[in-house]
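# Structural overview
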Amino acid sequence: MIQPRRMPYPFFSSIVRSCYRHGGIGLLLSLSLLTARAHADEKITFPSADFSDKYQMALGSGKPREIFGYLSMPTVAVAGKIPVMVIAHGSGGVEPKERNFWAPYFNQLGFATFVVDSFTPRGVTRTVDDQTLVSRAANTVDAFHALAFLAADARFDANRIGIIGFSRGGNAANETATLTFRDNVLPQHKNLQFAFHIPMYVGCQDGRYRKNNSFDKTGAPMLFLLGGSDNYTPAAQCVGLITDMQQEYPGVIDYRVYDGANHGFDGDYGVKYDGLGTTSRDCAVLEIDLKTWTRHITGSGELLPAAKVGEFYKKCVSRGVTFGAANTRYREMAKQDIEAFLRKINMIN
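None of the values given here were measured: they were computed from a predicted structure.

Calculation notes
- Residues numbered from 1 in each chain as written.
- Predicted model: local features only at pLDDT ≥ 70, side-chain atom pairs only at ≥ 80, totals over all residues.
- Heavy atoms only, no water.
- Core = buried A, V, L, I, M, F, W, Y, C linked by side-chain atoms within 4.5 Å.
- Buried < 20%, exposed > 50% of the residue type's maximum accessible area, 1.4 Å probe, protein only.
- Helix = DSSP H or I, 4+ residues; strand = E, 2+ residues; numbered from the N terminus.
- Contact = heavy atoms within 4.5 Å.
- Disulfide = S-S within 2.5 Å.
- Pairing = 2+ DSSP bridges.
- Salt bridge = Lys/Arg side-chain N within 4 Å of Asp/Glu carboxyl O.

### Concerning the nonpolar core
- Counting 36 residues, the largest nonpolar core has Val86, Phe114, Leu150 and Phe181 as the members making the most contacts within it.
- Listing elements by their share of this core, those giving two or more residues are strand E1 (42-50), helix H3 (54-59), strand E2 (63-72), strand E3 (82-88), strand E4 (112-117), helix H5 (138-151), strand E5 (156-166) and helix H7 (179-185).
- Excluding residues within four positions of it along the chain, phenylalanine 181 makes contact with Lys54, Met57, Ala58, Phe144, Glu175, Tyr209, Leu290 and Trp293.
- Counting 31 residues, the second-largest nonpolar core is a separate cluster that includes Met85, Ala195, Met200 and Tyr330.

### As for the state of the cysteines
- If you walk through the whole model with that rule in mind, you get two disulfides.
- The disulfide bridge from cysteine 204 ends at cysteine 238, spanning 2.0 Å between sulfur atoms. Classification of the bridge connecting cysteine 204 and cysteine 238 rests on its S-S torsion, roughly 95°, and on that basis the disulfide is right-handed. Of this pair, cysteine 204 sits in the loop between strand E6 (197-200) and strand E7 (208-210) while cysteine 238 sits in helix H8 (residues 235-248); the two residues are 34 residues apart in sequence, bridging distant segments of the chain.
- Owing to a relative accessible area of 1%, cysteine 204 belongs among the buried residues under this scheme.
- Between the sulfur of cysteine 283 and that of cysteine 316 lies a disulfide, 2.0 Å long from S to S. Its torsion about the S-S bond being 90°, the disulfide of cysteine 283 and cysteine 316 is classed as right-handed. Taken together, the residues span a long stretch of sequence, with cysteine 283 in the loop between strand E10 (270-279) and strand E11 (286-289) and cysteine 316 in helix H9 (residues 309-316) at a distance of 33 residues.
- The class of cysteine 283 is buried, set by a relative accessible area of 6%.

### Overview of the sheet that holds E7
- The four strands are arranged E7-E11-E12-E13 in an open sheet whose pairing can be described as mixed. Of all the strands in the sheet, just E7 and strand E13 (303-304) have a single pairing partner and so form its edges.
- Where strand E12 (residues 295-297) meets E13, two bridges bridge the pair, whose relative direction is antiparallel. Within E13, the residue paired with arginine 295 across the bridge is leucine 304.

### Some points on the pattern of salt bridges
- Overall, the coordinates contain 22 salt bridges when judged by the stated rule.
- Of the charged contacts, one joins arginine 208 and aspartate 244 as a salt bridge, the two residues approaching to 2.5 Å between their closest N and O atoms. Within this pair, whereas arginine 208 is found in strand E7, its partner aspartate 244 is found in helix H8, the two being separated by 36 residues in sequence.
- Among the residues examined, aspartate 244 registers a relative accessible area of 27% and is labelled partly exposed.
- Among the ionic pairs, arginine 331 bridges to aspartate 268, the shortest N-O distance being 3.7 Å. Taken together, the residues arginine 331 in helix H10 (residues 329-344) and aspartate 268 in the loop between strand E9 (253-258) and E10 connect sequence positions 63 residues apart.
- When its relative accessible area of 10% is taken as the criterion, arginine 331 is described as buried.
- Through salt bridges with shared partners, a single network forms among Asp50, Arg65, Arg122 and Asp142.

Right under this line is the structure:
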């Protein structure tokens, strides 16, 4: 079993010393609350890699990189080895909802959870207004390495490790189901794959990958959860991809579009607008050949030469995105659909 590296919490140690020094009951109460939250998950490092882009993720090699995530264990009794849910964050980095809502939610369903932080170890807090700050391959590569790391731990069931991802992390939840990416990133683990995938408000404008006339998926069950009013990563760009994949993988891939839901509909912080947020909502959907990395415009089949890609995006990428929700309505709908999905694939009773 790989022994996780436990990270110290010097902040809490300083509070303990202050408590003894000043004898403050209120401070002790604050300490108990903070400690309860700090001990809800454990910060653990694991080996990953840096790939410059998705082309390299498919056909090249990466450079070693140490990443960390937050591991929390089930809060209900689990017989035998423990299933795990890898949680991949979006362009805003790890948000409170990942660690404070989704992780405890899956812990109550009997899963351990591992919230992977793909930004902080790379010196970045967010990429909302500049997606080039961190390679767009990063979340996917980190998720693959988290899978390998967790599968090597004797506590966990290597055959029951799933992934859920939000926005940029939704891309990871989708792309980790692609065989070519898995085989290139984890060449020593070609029998290892995620048991299921849940991409939420994922971007599909350039997420249509094909190889030998196939979508090149592992065949693991997938559930896409999309916002009907998403003006950041529009649902319409995904629905065409999903329905085409369903023809190749019948009974394996499902989706929901929540009417009226914005991007980040699982957030409970109200509806917000970011004028600097970049979006490819007005760009034509591209299909990428995984063997040659050539791009074609879906529908017309027109070839988009590599030299023209920059010009293509310069004309269609815009700024200004809406995200969040006024209440927890859509989050509750997502919970119900996720639980139904997990029951259908025999991950929970």
